[in-house]
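Analysis of the macromolecular model
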Amino acid sequence: MTKLGILLRLARTYAAYRRRDETPPPPLRLWVEASTRCNLRCPMCPNKELPADARDTMDLDLFRKIVDQARGTVNDMYLHHRGEPFTNPALFDMISCAEAAGIRTRFHSNGALLTAEKADKLLDACPSIVSFSVDGFSKEPYEAARPGAVFETTLGNILHLARRRRERRQRRPYLVVERIRFRKPHPGESPEAIAALRQRFLDAGIDEVIEKEEYDWTTADAPDGGRPRIHTCCTFPWYAMVVCADGTVTPCPQDFWAKMNMGDLRTASLQEIWHGEAYRALRRAMRGDIESLPLCRTCDRLCRKTVADVPWQYAATFLIDQVFGYGRLRKAFGTAERNGP
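1. Overview of the pattern of salt bridges
Considering all chains together, one arrives at 23 salt bridges under this definition. When the shortest N-O distance is used, the salt bridge between Glu143 and Lys139 registers 2.6 Å. Taken together, the residues span about one helical turn, with Glu143 and Lys139 both in helix H5 (residues 139-145) at a distance of four residues. Residues Lys139 and Glu152 are paired through a salt bridge, measuring 3.0 Å at the closest nitrogen-oxygen approach. Here Lys139 is found in helix H5, whereas its partner Glu152 is found in helix H6 (residues 151-167), with 13 residues between them in sequence.

2. So, the layout of surface pockets
Space inside the second largest pocket adds up to approximately 310 Å³. Along the walls of the second largest pocket sit 16 residues, with Arg171, Arg172, Tyr174, Tyr326 and Gly327 positioned nearest its centre. Its residues assigned to classes, the lining of the second largest pocket shows five nonpolar, four polar and seven charged.

3. Focus on helix H2 (residues 60-70)
Buried within H2 are the following residues: Leu60, Leu62, Phe63, Ile66, Val67 and Ala70. Angularly, the buried residues of H2 cover 155 degrees about the axis, an arc narrow enough to put them on a single face. In the core, the buried residues of H2 are packed alongside strand E1 (29-32), strand E2 (76-78), helix H3 (91-100) and strand E7 (240-243). The N-cap residue of H2 is Asp59: its side-chain oxygen and the backbone nitrogen of Asp61 are 3.0 Å apart.

Thresholds applied
- Residues numbered from 1 in each chain as written.
- Predicted model: local features only at pLDDT ≥ 70, side-chain atom pairs only at ≥ 80, totals over all residues.
- Heavy atoms only, no water.
- Salt bridge = Lys/Arg side-chain N within 4 Å of Asp/Glu carboxyl O.
- Helix = DSSP H or I, 4+ residues; strand = E, 2+ residues; numbered from the N terminus.
- 1 Å grid on protein atoms, 1.4 Å probe; cavity = no way out; pocket = protein on both sides within 12 Å on 5 of 7 lines; lining within 4 Å.
- Points joined across faces, edges and corners; volume = space filled by probe spheres on them.
- Nonpolar A, V, L, I, M, F, W, Y, C, P; charged D, E, K, R; others polar.
- Buried < 20%, exposed > 50% of the residue type's maximum accessible area, 1.4 Å probe, protein only.
- Arc of directions from axis to C-beta.
- Contact = heavy atoms within 4.5 Å.
- Polar contact = N/O pair within 3.5 Å; in protein donor to acceptor, adjacent residues only side chain to side chain.

Given below as structure tokens:
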């Protein structure tokens with residue numbers, strides 16, 4: 001799709017959001033969960049609490065069905081949600097399938113399973129952007145935050161990928177390393193160690209090294225933490241959709257437990273679900289009765305600064321991602337996306 005075509009689609013989606021239409025144009029962005037399985041048991045992540053029957057990887061035939069229905073309307077696709085994407089052996093086929101359909105792919109990983117062989121397969125599949133969590137920039141803090149991972153191994157995996165991309169003279173995937181700023185920092189991590197490893201990543205060819213605040217997953221019984229009960233209207237139900245590994249659709253990646261079931265892509269089409277009664281009811285509630293939505297009413301994203309009714313934290317980077325893809329402009333605005341007020 002041309003940049004002009006993308007801009008026109010963005011304009012139609014924004015107009016539908018401002019009017020609070022119950023049946024907006026098809027989603028621009030999808031989260032398609034490659035896997036709910038994870039190789040680590042990180043203290044800040046609820047993945048370890050998922051029941052055994054919820055641990056699954058997405059079937060490649062189901063993924064191809066989603067891509068066929070998303071072709072021509074969806075601009076980009078996240079291949080992660082609650083699990084580690086590298087636990088799905090079909091990940092590289094999924095990337096290739098979506099990219100061949102003109103859908104830019106991206107995913108987030110802990111990096112511990114990224115072997116040299118997988119690095120070359122990843123570069124062959126050529127996703128648009130890959131980000132890695134390195135939530136401690138020295139051995140002791142990292143291994144406390146990522147139980148089951150070895151600092152030197154993960155570091156070597158990521159640096160090897162950056163070197164191989166450089167050797168192959170590829171620009172893609174755009175590579176990001178993320179570090180969480182924990183509310184209770186590990187006493188063994190010094191500012192000097194953080195600065196040194198940050199520079200090492202950049203020297204190796206990593207495109208961005210950024211920090212983000214520790215995240216609180218939204219739940220129905222979450223306290224509001226003293227946040228003001230002033231809500232904007234969430235943009236997600238007008239532009240994005242989350243597909244869990246089993247085909248269940250939820251409206252938001254903050255719905256970790258998939259409590260807001262909008263439908264099932266194994267038995268219905270993307271369009272049928274997007275314009276179905278569950279989504280329409282959600283959009284009606286967003287229009288004037290957010291307090292009736294247990295997960296949404298305590299979500300901090302609905303209390304953040306907005307510009308033209310859109311959350312400011314994400315607006316600039318979202319537009320750049322959608323229209324220009326991932327490159328110099330992304331590098332200039334990426335950090336602001338995650339760390340804005």
